[in-house]
Amino acid sequence: MAEPTMFVRKASGLVRAWSVFDGFIYATFSINLITLGLYIFSFAPFLPEAHLVPAIIISSLLILAEVVVYGMLVAIMPRAGGDYVWQSRVLGGGPGFVLAITGWVFILWHWVPIYGTILAYEVFTPILAVLGGWTGSPGLVRAAMWFSDKNGLFFSSIIVIALAFLFVSAGMKWYARIQKACFFIGAAGLLLAILVLLDASQAQFITGFNHYATTFLGAPGNNLYQEIMQLASKEGYTPVAWHNMSFSASLSLIPMVVFWNLWPNWGATLYGEVRGAGDFKRNFWSMAAGLLITAALAIILLALFAKTFGWEFYHALNYDFFSGKSPFPVYPYPGLLVAFLINNPLLQLLLLVTLSAWFFGWCGTVFLSSTRVVFAAAFDRVLPEWVARVSPRTRAPINALLLMAIPATIISLLNSYLPGFSTYTLDATVVIAITYLGTTVAAILLPYKDKELFQSSPVARYKIFGIPWICVSGVIFLIFLCFNLYKWITDSVYGVNSPTSAVYMLVLYALSVAIYFGSKWFRRRQGIDLDMVYKNIPVE
């Protein structure tokens, strides 16, 4: 049993306010099909020989190994902080702190502009465009367009920070209620979109697209649908046919797809606040169900896009937009395209508003998981004690939340207004994957490095030919991560191998190293040995 004086206090102050179903909803939002999924699918034209469907199937099956690893680690050490706690107890305090703080804290500041971009593209712009079109208001249409420039994107990022702060500070019970409401509203919107796509023909879509793109958005031309196809062809782009699902050619698309589906474990840092977290099967299915259901829905949606939009058109529209030459003046959000199949203004708005619930249920994820890493590091006394304080009313770590919100505001400002700063953040996904790699290595080593802890855990009985499942799954996931890291580093098509961005990320790692050793020196002067802290599992 750890000496209480090693930690900030005798109990964490957090409470187990979530059920496993709440964990499932959080996992589903973390690999959000409507926000992250549809956004990253729009980049598929940059790999014209690859097909999204095989990439989704292969990556999702391999990511199940990640779910096994994290589900077992949660069952062994169900503590707030997840990756930080596991890495620091197995690999040592230095590697654990540096990898977790950089990957879960510093990098999530840089994800806020990504969330802001998706809020602008998938919520503000389409809703304002439809309102402006039906009311004949040029001001609302201009407002829809405004969200695509730097001022609109910065405003959207500030809205993300405000909403995330509000949701997380309300505490885990209220967060669960908010995400549950958004989940069911969003599910209704997705069902409505699927029914509309099933009922409509491609000819109906072409008519609706040409009409609304011209009358609502002021797009030029009499047959915009055909002009978009011709423009992509003129630029040399030929999309892969829907039926040409080459698995080997589609492997190159996996490092892009994982921007969306690598995160079913996003709630792993929260399992100190989930009831029944010591049960591996419950942990596994709360994450795996979110992954598999979302993957199945993604394939269904893509099949419906092919049927109703036309597979070649869907890719050509995205290609033209990101090439900067599209006559369609806004981001081609599929929710807006589905709305163009509906001729009733109230039903159009109903579709877009209910689909927007996928964003509002997801936006808190940019801070919630990270606050528990910050909290855990402060509870270990690496960060100042005041960071580990929790609200007596909501049991939320408000100071840890401030350490996410304030720097994220500064990063969002720089991202919008400092020329070239956005280039620095291109490796944001890479750094999180490196953090996962550290946790995976810790999982592989744990049964051998701390035999007593592992053998006393509920997952010790899971073995394959005498080898612990956690090790086998860890090796599979480690190979998968290394494949993606290799592709990201060596191929510029993914947009994440910028030398400038790499240097910037190294600076962030150096900052976390400096904080760790500075804290270690300071605590030693107080008579606290952080090495001894890391030999004990944090109290609950």
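Residues numbered from 1 in each chain as written. Predicted model: local features only at pLDDT ≥ 70, side-chain atom pairs only at ≥ 80, totals over all residues. Heavy atoms only, no water.

**A word on the overall build of the protein chain**
In step 1: Counting its secondary structure elements, the protein chain contains 23 helices and two strands.
In step 2: Rg of the C-alpha trace for the protein chain: 24 Å, near the compact-globule value of 24 Å for 540 residues, within the 12% margin.
In step 3: If you line up the protein chain on its principal axes, its C-alpha atoms span 75 × 50 × 40 Å.
In step 4: Within the protein chain, the fraction of its 540 residues that count as buried is 62%.
In step 5: A sequence separation of at least 24 residues applies to 84% of the contacts in the protein chain between residues at least 6 apart.
In step 6: Carbon and sulfur atoms provide 67% of the accessible area of the protein chain, an area that totals close to 20000 Å².
In step 7: When the 31 positive and 23 negative side-chain charges of the protein chain are each reduced to one mean point, those points stand 11 Å apart. (Helix = DSSP H or I, 4+ residues; strand = E, 2+ residues; numbered from the N terminus. Rg over C-alpha atoms; globule rule 2.2 N^0.38 Å. Buried < 20%, exposed > 50% of the residue type's maximum accessible area, 1.4 Å probe, protein only. Contact = heavy atoms within 4.5 Å. Areas by Shrake-Rupley, 256 points an atom, 1.4 Å probe, with all protein chains shown as cover. Lys, Arg positive; Asp, Glu negative; His and termini not counted. Charge placed at Lys NZ, Arg CZ, Asp CG, Glu CD.)

**Re the nonpolar core**
In step 1: Formed by 205 residues in total, the largest nonpolar core has its most connected members in F41, W111, F209, F328 and F367.
In step 2: No other element matches the 24 residues that helix 5 (residues 93-135) contributes to this core.
In step 3: With sequence-adjacent residues up to four places away left out, F328 is seen in contact with F209, A213, L217, L224, I228, L317, L336, L337 and F340. (Core = buried A, V, L, I, M, F, W, Y, C linked by side-chain atoms within 4.5 Å.)

**Focus on the packing of helix 3 (residues 52-76) against helix 12 (residues 254-261)**
In step 1: Relative orientation of the contacting elements helix 3 and helix 12 amounts to 60 degrees, with a least axis distance of 9 Å. By the angle class used here, helix 3 and helix 12 are oblique. At the point where helix 3 passes helix 12, the crossing takes the right-handed sense. Facing helix 3, whose interface residues are L52, A55, I56, I58, S59, S60 and I63, helix 12 presents I254, V257, V258, W260 and N261.
In step 2: In the contact of helix 3 with helix 12, the residues fall into nine nonpolar, three polar and no charged. (Axes fitted to C-alpha atoms, helices over the stretch in contact; angles between N-to-C directions. Parallel < 35°, antiparallel > 145°, perpendicular 65-115°, else oblique. Left-handed = near helix turned anticlockwise from the far one by under 90°. Nonpolar A, V, L, I, M, F, W, Y, C, P; charged D, E, K, R; others polar.)

**Re the packing of aromatic side chains**
In step 1: Inspection of the entire model under this criterion finds 65 aromatic pairs.
In step 2: With a centroid separation of 5.2 Å and an interplanar angle of 45 degrees, the aromatic rings of F305 and Y314 are classed as tilted.
In step 3: Taking the relative accessible area as the measure of exposure, Y314 reaches 2% and is therefore buried.
In step 4: Directly above the aromatic system of W174 lies the positively charged group of R177, at a separation of 4.7 Å from the ring centroid. (Phe/Tyr/Trp six-rings, centres within 6.5 Å; stacked < 30°, edge-to-face > 60°. Lys NZ or Arg CZ within 6 Å of the ring centre and 35° of its normal.)

**Re the confidence of the model for the protein chain**
In step 1: For the protein chain, per-residue confidence averages 92 on the pLDDT scale, and 96% of positions sit at 70 or higher.
In step 2: Averaged pLDDT values for the elements of the protein chain fall to 83 in helix 18 (residues 421-424) and rise to 98 in helix 14 (residues 334-339).
In step 3: Below a pLDDT of 50 lies the segment residues 6-13, which in the model reaches 40 contacts outside its immediate sequence neighbourhood of four places, other chains included. (pLDDT = per-residue confidence, 0-100.)

**Things to note about the pattern of salt bridges**
In step 1: The full count for this structure, using the stated rule, is six salt bridges.
In step 2: Close ionic contact of D22 with K180 constitutes a salt bridge, the shortest N to O distance being 3.6 Å. Taken together, the residues span a long stretch of sequence, with D22 in helix 1 (residues 20-30) and K180 in helix 8 (residues 172-199) at a distance of 158 residues.
In step 3: On the basis of relative accessibility, which here comes to 30%, the residue K180 falls in the partly exposed class. (Salt bridge = Lys/Arg side-chain N within 4 Å of Asp/Glu carboxyl O.)

**Quick notes on unusual backbone geometry**
In step 1: In the Ramachandran plot, R381 falls in the positive-phi region, its phi being about 75 degrees despite a non-glycine side chain.
In step 2: Topologically, R381 is positioned in the loop between helix 16 (368-379) and helix 17 (398-417).
In step 3: The phi dihedral of F465 is positive, around 50 degrees, even though this residue is not glycine.
In step 4: Summarising the element assignment, F465 is placed in the loop between strand 1 (463-464) and strand 2 (467-468).

**Focus: a nonpolar patch on the surface**
In step 1: On the surface, I57, L61, M245 and F247 cluster together into a nonpolar patch covering about 340 Å² of accessible area.
In step 2: Secondary-structure assignment places M245 in the loop between helix 10 (224-234) and helix 11 (247-250).
In step 3: Judged by relative accessible area, M245 falls into the partly exposed class, the value being 30%. (Patch = residues over 30% accessible without salt bridge, like charges linked within 9 Å, V, L, I, M, F, W, Y side chains within 5 Å.)

**Things to note about helix 5**
In step 1: In this model helix 5 runs 60 Å from its N-terminal to its C-terminal C-alpha over 43 residues, within 8% of the 63 Å that 1.5 Å per residue would give.
In step 2: Along helix 5, the sharpest change in direction is near 45 degrees and occurs at L108.
In step 3: Of all 43 residues making up helix 5, 37 are buried, and the element is well covered by its neighbours. (Expected span 1.5 Å × (residues − 1). Bend = angle between axes of the 7 residues up to and from the residue.)

**A short note on the packing of helix 5 against helix 6 (residues 138-146)**
In step 1: Remark: helix 5 packs on helix 6, axes separated minimally by 7 Å, with the N-to-C direction vectors making an angle of 160 degrees. Looking at the two axes, helix 5 sits roughly antiparallel to helix 6. In this structure, the crossing between helix 5 and helix 6 has a hand that is left-handed. Contact residues: helix 5 offers T125, L128, A129, L131, G132, G133 and T135, while helix 6 offers L140, V141, A143 and A144.
In step 2: For the contact of helix 5 with helix 6, the residue count by class is seven nonpolar, four polar and no charged.

**Points about helix 13 (residues 280-323)**
In step 1: Its 44 residues place the ends of helix 13 only 46 Å apart at the C-alpha level, less than the 64 Å of an ideal helix rising 1.5 Å per residue.
In step 2: Of all the bends in helix 13, the largest measures some 95 degrees and sits at F309.
In step 3: Two to three positions downstream of the cap, the backbone nitrogen of K281 sits 3.0 Å from a side-chain oxygen, assigning the N-cap of helix 13 to D279.
In step 4: Looking one or two residues past helix 13, G324 carries a phi angle of roughly 80 degrees, positive in sign. (Polar contact = N/O pair within 3.5 Å; in protein donor to acceptor, adjacent residues only side chain to side chain.)

**Some points on the environment of V513**
In step 1: Counting through the fold element by element, V513 comes out in helix 22 (residues 499-525).
In step 2: Taking the C-alpha atoms as reference, V513 lies 34 Å from S286; in sequence the two are 227 residues apart.

**Concerning the environment of L413**
In step 1: Summarising the element assignment, L413 is placed in helix 17.
In step 2: L413 sits 299 residues away from I114 along the chain, and the two C-alpha atoms are 13 Å apart.

**Details of the state of the cysteines**
In step 1: Within this structure, the stated rule accounts for zero disulfides.
In step 2: C182 carries a free sulfur, and the closest cysteine sulfur to it, the one in C363, is 7.8 Å from it.
In step 3: Classification of C182 as buried rests on a relative accessible area of 12%.
In step 4: Considering cysteine sulfurs only, C482 is the nearest to C471, which forms no disulfide, with 16 Å between them.
In step 5: Residue classification places C471 among the buried positions, given a relative accessible area of 5%. (Disulfide = S-S within 2.5 Å.)

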